[in-house]
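Listed below, chain by chain, are the residues.
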Amino acid sequence: DRLFRGMEVYGSGSDLKVPVGPPVLGRVLDLFGNAKDNIGPIPQLKKASIYSKAPSLNIVSSTYQILETGIKAIDFLTPIQRGGKVGFIGGAGVGKTILLTELMHNITLRQTSKNTEVKGTKPVYSVFAGVGERIREGHALHQRLKESGVLPKTVIILGQMNENAAVRFRVALAAVAQAEYFRDTLKSDVLFFIDNMFRYVQAGAEVATLLGTIPSEQAYQATLQTEVSTLEDRLIPTANGSITSFQNVYVPADEITDAGVVAVMSFLDNAIVLSRSVAQKGIYPPIDLFQSSSS
């Protein structure tokens, strides 16, 4: 944002690194690791690159354990696997963000109470990535997690819709770097929440347009599948710990066959489709049972 024509720019010789680990728990960060919660600066003790390679397939470890959410419609009809990828897919205003916040609260509290009862169980951390969504949603989430006591085990990284497209595109990668640190270094189980995956795809399309690359299907960037896979392939369970990801996927104009939505859906273990017609009947969460699926 601060660049201007004719300004001298020097390369740092390093890629973008963000502060990670226990010092960032309970804090709100931007892409560059700056604090956004008015509590003071974040200690830069340990930093990790936002661009790490996906782990090799031979270290992927799946336990086939069910992760209880406390929401009966999900637990009974589309059960979630620990270490899996869950997508909440729906148009504007069907309650994706509310559902994600509810899950974040339910699962984190459930896991924390379990860990205090059973000795030797792994701690559970949450990472929330706000990608291109409304600014008030990030504010409301922070307040709600603070009130419920879940905030001290959560990292929030925000790049909301007022940010530059390049920032929105990379905020998701910065959040994944946080989750990887908790999984690989602290050997913990991680709950990864991203709101919204479609905005990540959209930011990538904006960056591609600014760079003047030739568009592909439905005017999306030609690198769409690669961009989604570089993010999704890092969110996997290993022998050290698991990353269970919950991803909101906005559906433009309620068109579920949109190329951006389909690209994200191809990576999901659980596709939970939220229907406008069910929401209009006053049933929440408005899950479309015929379009939803679980591995």
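What you see is a predicted model; the values in this text were computed from it and never measured. (Residues numbered from 1 in each chain as written. Predicted model: local features only at pLDDT ≥ 70, side-chain atom pairs only at ≥ 80, totals over all residues. Heavy atoms only, no water.)

K.L.:
Got a minute to help me understand the overall build of the protein chain in this structure?
P.N.:
The number of helices and strands found in the protein chain is eight helices and twelve strands. Its C-alpha radius of gyration of 19 Å places the protein chain within 12% of the 19 Å reference for a compact globule of 295 residues. In terms of principal-axis extent, the alpha carbons of the protein chain reach across some 60 × 45 × 40 Å. In the protein chain, the share of contacts with a sequence separation of at least 24, taken over all contacts with a separation of at least 6, comes to 75%. For the protein chain, the exposed area adds up to about 14,400 Å²; of that, 56% sits on carbon and sulfur atoms. Where the 29 positive side-chain charges of the protein chain centre and where its 27 negative ones centre are 6 Å apart. (Helix = DSSP H or I, 4+ residues; strand = E, 2+ residues; numbered from the N terminus. Rg over C-alpha atoms; globule rule 2.2 N^0.38 Å. Contact = heavy atoms within 4.5 Å. Areas by Shrake-Rupley, 256 points an atom, 1.4 Å probe, with all protein chains shown as cover. Lys, Arg positive; Asp, Glu negative; His and termini not counted. Charge placed at Lys NZ, Arg CZ, Asp CG, Glu CD.)

K.L.:
Honestly, the packing of aromatic side chains in this entry has me stumped. Any pointers?
P.N.:
The description of an aromatic ring pair rests on the distance of the ring centres and on the angle between the ring planes. In this structure the tally under the stated criterion is five aromatic pairs. Ring geometry for Y181 against F182: centres 6.4 Å apart, planes inclined by 70 degrees, an arrangement best described as edge-to-face. Like Y181, the residue F182 is buried in the burial classification. In this structure an aromatic cluster arises from ring pairing among Y125, Y181 and F182. We note R199 situated over the ring of Y250; from NZ or CZ to the ring centre the distance is 4.6 Å. (Phe/Tyr/Trp six-rings, centres within 6.5 Å; stacked < 30°, edge-to-face > 60°. Buried < 20%, exposed > 50% of the residue type's maximum accessible area, 1.4 Å probe, protein only. Lys NZ or Arg CZ within 6 Å of the ring centre and 35° of its normal.)

K.L.:
Explain the nonpolar core to me, please; I cannot follow it from the model alone.
P.N.:
Among soluble globular proteins, nonpolar side chains are generally buried collectively. In terms of nonpolar packing, the biggest core is built from 52 residues, with I89, F182, F192, I194, M197, Y200 and L231 touching the most fellow members. At twelve residues, helix 4 (residues 165–184) tops the list of elements feeding residues into this core. Not counting chain neighbours up to four residues away, the residues in contact with L231 comprise A172, L173, V176, I194, M197 and Y200. With 27 residues, the next largest nonpolar core counts L99, L100, L151 and L191 among its residues. (Core = buried A, V, L, I, M, F, W, Y, C linked by side-chain atoms within 4.5 Å.)

K.L.:
Please explain the sheet that holds strand 8 (residues 154–159) as it appears in this structure.
P.N.:
Two orientations exist for strands paired in a sheet by backbone hydrogen bonds: parallel and antiparallel. The eight strands lie next to each other as 2-8-7-9-10-6-11-12, forming an open sheet whose pairing is mixed. The open sheet has two free edges, formed respectively by strand 2 (28–29) and strand 12 (293–294), since each of these has just one partner strand. Pairing analysis gives seven bridges linking strand 7 (residues 124–131) to strand 9 (residues 189–195), with the strands arranged parallel. Counted as the bridge partner of A129 is I194 from strand 9. Seen against the sheet, helix 3 (residues 135–148) touches strand 2, strand 7, strand 8 and strand 9 and runs at an angle of roughly 170 degrees to strand 8. (Pairing = 2+ DSSP bridges. Axes fitted to C-alpha atoms, helices over the stretch in contact; angles between N-to-C directions.)

K.L.:
Is there a simple way to explain the pairing of strand 10 (residues 243–250) in this structure?
P.N.:
Successive residues of a regular strand alternate their side chains across the two faces of the sheet. Counting buried positions over the eight residues of strand 10 gives eight, a clear majority of the element. Residues I243, S245, Q247 and V249 of strand 10 are buried on one face, and the alternating residues T244, F246, N248 and Y250, pointing to the opposite face, are buried as well. As paired strands, strand 6 (residues 85–90) and strand 10 are joined by six bridges and run parallel to one another. When the sheet's bridge partners are listed, K85 is paired in strand 10 with S245. One ladder, built from five bridges, connects strand 9 with strand 10; its direction is parallel.

K.L.:
How should I be thinking about helix 3 in this particular structure?
P.N.:
Residues that lie three or four places apart on an α-helix share one face, since the helix turns once every 3.6 residues. Given a rise of 1.5 Å per residue, 14 residues ought to cover 20 Å, and the 21 Å separating the end C-alpha atoms of helix 3 matches this to within 8%. Of the residues flanking the end of helix 3, it is G149, one or two places downstream, whose phi is positive at about 80 degrees. (Expected span 1.5 Å × (residues − 1).)

K.L.:
Looking at this model, I keep getting lost on the side chain of Q178. Mind explaining?
P.N.:
You can see Q178 is positioned in helix 4. Ignoring any residue separated from it by four or fewer positions in sequence, one finds Q178 in contact with V18, P19, V20, G21, V24, L29, V127, V155 and I157.

K.L.:
I would appreciate a short explanation of the packing of helix 4 against helix 5 (residues 197–210) in the present structure.
P.N.:
The description of two packed helices rests on the angle between their axes and on the distance between the axes. With their axes 8 Å apart at the nearest point, helix 4 and helix 5 run at an angle of 140 degrees to one another. Of the possible angle classes, the one that applies to helix 4 and helix 5 is oblique. Handedness of the crossing formed by helix 4 with helix 5: left-handed. Contact residues: helix 4 offers A165, A166, R168, F169, A172 and L173, while helix 5 offers Y200, A203, G204, E206 and V207. (Parallel < 35°, antiparallel > 145°, perpendicular 65-115°, else oblique. Left-handed = near helix turned anticlockwise from the far one by under 90°.)

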